[in-house]
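Coordinate analysis (summary)
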Amino acid sequence: MGLPVERLVVATNRNDILTRFVNEGVYAVGEVHPTLSPSMDIQVASNFERYLYYLLGEDPAAVRRHMAGLKAKGAIELTAAEQVPGPRGLRRRGGDRGADPGPHSRYLRGHRLYPGPHTAVGVEAAAGHPDTVCLATAHPAKFGAAVKQAIGREAPPPSSLQGLMERETRCTELAATPGAVRQFIAETLA
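Residues numbered from 1 in each chain as written. Predicted model: local features only at pLDDT ≥ 70, side-chain atom pairs only at ≥ 80, totals over all residues. Heavy atoms only, no water.

A separate point is the packing of helix α1 (residues 17-24) against helix α2 (residues 48-55). Across the interface, α1 lies against α2 with an axial gap of 13 Å and an inter-helix angle of 10 degrees. Between α1 and α2, the interaxial angle falls into the category roughly parallel. For the pair formed by α1 and α2, the contact residues are Leu18, Phe21 and Val22 on the first element and Phe48, Tyr51, Leu52 and Leu55 on the second. (Axes fitted to C-alpha atoms, helices over the stretch in contact; angles between N-to-C directions. Helix = DSSP H or I, 4+ residues; strand = E, 2+ residues; numbered from the N terminus. Parallel < 35°, antiparallel > 145°, perpendicular 65-115°, else oblique. Contact = heavy atoms within 4.5 Å.)

Pasting the structure below:
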C-alpha cells in the first residue's frame, strides 16, 4: 500500500512459538499456556504457512516439505540459507515476548488508553523500538473480562455500539441448504 515499512516486530505472549521461530529459525510445538490474550494462546497459527511461503522465496514445494515435517515431528527447523529474508523483504528479526497482563495494566493506567489484551502485548513489544506503529485489530470491549482482570474495570464499548445489547433482536432459523437461504433472501428483499 506504499507505507515505507522497514521491519515488522513480532509480539507474542507467553506462548512464544513465533518469537522463537523468528529469533532461532525453529518452529517447535510446545505446551499452550492460558493468558489474558487468548488469540495468541496457540502453537500453530492459521496464517503461518503464508509467512513461511514468503520467507522461503514463494516456493510451495518447500512449504509443503516443512509443513509435513511439522505434522510428523512437531517442529520445523530452517537451514541457514532458508533463514535469509525472501524476495518481498520480510525480515526475521525483531521478535519480542510481552508480559501478561503487565502491558495491559501499564498502558491503561499510564496513558488512559484501552488497548485490547492482544494490542497491549504488541504495544509492549513496540515500546523498545522508537518510531514504531502498533496496529490494533479488535476493540478492547470485545475482551471485557480480560480488561477487567487486568485493570479492574471493563473498557467501554465504542459509541457506535452503545445501547446495542438493549435493542430487540431478530432471528429466523432456516434449513441449512442453499435453496432455503436463497428463498429467504428473495422473500425478504421482495
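Next comes the rest of the account.
One pass over the structure, following the stated rule, counts 6 aromatic pairs. Pairing Phe21 with Tyr27 gives two aromatic rings, centres 5.6 Å apart and planes at 85 degrees, and the pair type is edge-to-face. Tyr27 carries the same exposure label as Phe21, and that label is buried. Ring centres of Phe21 and Phe48 lie 5.2 Å apart, and the angle between their planes is 80 degrees; on these two criteria the pair is classed as edge-to-face. With a gap of 27 residues between them, Phe21 in helix α1 and Phe48 in helix α2 connect regions that are remote in the sequence. (Phe/Tyr/Trp six-rings, centres within 6.5 Å; stacked < 30°, edge-to-face > 60°. Buried < 20%, exposed > 50% of the residue type's maximum accessible area, 1.4 Å probe, protein only.)

Moving on, we come to the pattern of salt bridges. Applying the stated criterion across every chain yields a total of 2 salt bridges. A salt bridge links Asp16 to Arg20; the nearest nitrogen and oxygen atoms lie 2.9 Å apart. Here Asp16 falls in the buried class, since its relative accessible area comes to 14%. When its relative accessible area of 24% is taken as the criterion, Arg20 is described as partly exposed. In this structure, Glu82 and Arg65 form a salt bridge, with 3.2 Å as the shortest nitrogen-oxygen distance. Placement of Glu82 in the loop between β3 (75-77) and β4 (95-97) and of Arg65 in helix α3 (residues 60-73) is noted, with a sequence separation of 17 residues between them. (Salt bridge = Lys/Arg side-chain N within 4 Å of Asp/Glu carboxyl O.)

To continue, consider the nonpolar core. In terms of nonpolar packing, the biggest core is built from 16 residues, with Phe21, Tyr27, Phe48, Leu52, Met67, Ile76 and Leu78 touching the most fellow members. Broken down by secondary-structure element, the contributors of at least two residues to this core are α1, α2 and α3. In this structure, Leu36, Phe143, Val147 and Ala150 belong to the second largest nonpolar core, which totals 7 residues. (Core = buried A, V, L, I, M, F, W, Y, C linked by side-chain atoms within 4.5 Å.)

Okay, α3 next. Here α3 contains 14 residues, and its C-alpha end-to-end distance of 20 Å stays within 8% of the 20 Å for a straight helix at 1.5 Å per residue. Within the span of α3, buried status applies to Ala62, Val63, His66, Met67, Gly69 and Leu70. Taken down its axis, α3 places every buried residue within 155 degrees of arc, on the same side. The exposed residues of α3 that point more than 90 degrees off its buried face are Arg64, Arg65, Lys71 and Ala72. In this structure, the buried side of α3 is in contact with β2 (26-28), α2 and β3. Its side-chain oxygen 3.1 Å from the backbone nitrogen of Ala61, Asp59 forms the N-cap of α3. Positive backbone phi, approximately 75 degrees, marks Gly74, located one or two places after α3. (Expected span 1.5 Å × (residues − 1). Arc of directions from axis to C-beta. Polar contact = N/O pair within 3.5 Å; in protein donor to acceptor, adjacent residues only side chain to side chain.)

On to the packing of α2 against α3, then. Closest axis-to-axis distance for the α2/α3 pair is 9 Å, and the angle between their directions is 130 degrees. In terms of orientation, α2 and α3 fall into the oblique class. Note on packing geometry: the crossing formed by α2 with α3 is right-handed. Between α2, through Phe48, Glu49, Leu52 and Tyr53, and α3, the contact on the second element is made entirely by Pro60, Val63, His66 and Met67. Tallied by class, residues from the contact of α2 with α3 come to 6 nonpolar, 1 polar and 1 charged. (Left-handed = near helix turned anticlockwise from the far one by under 90°. Nonpolar A, V, L, I, M, F, W, Y, C, P; charged D, E, K, R; others polar.)

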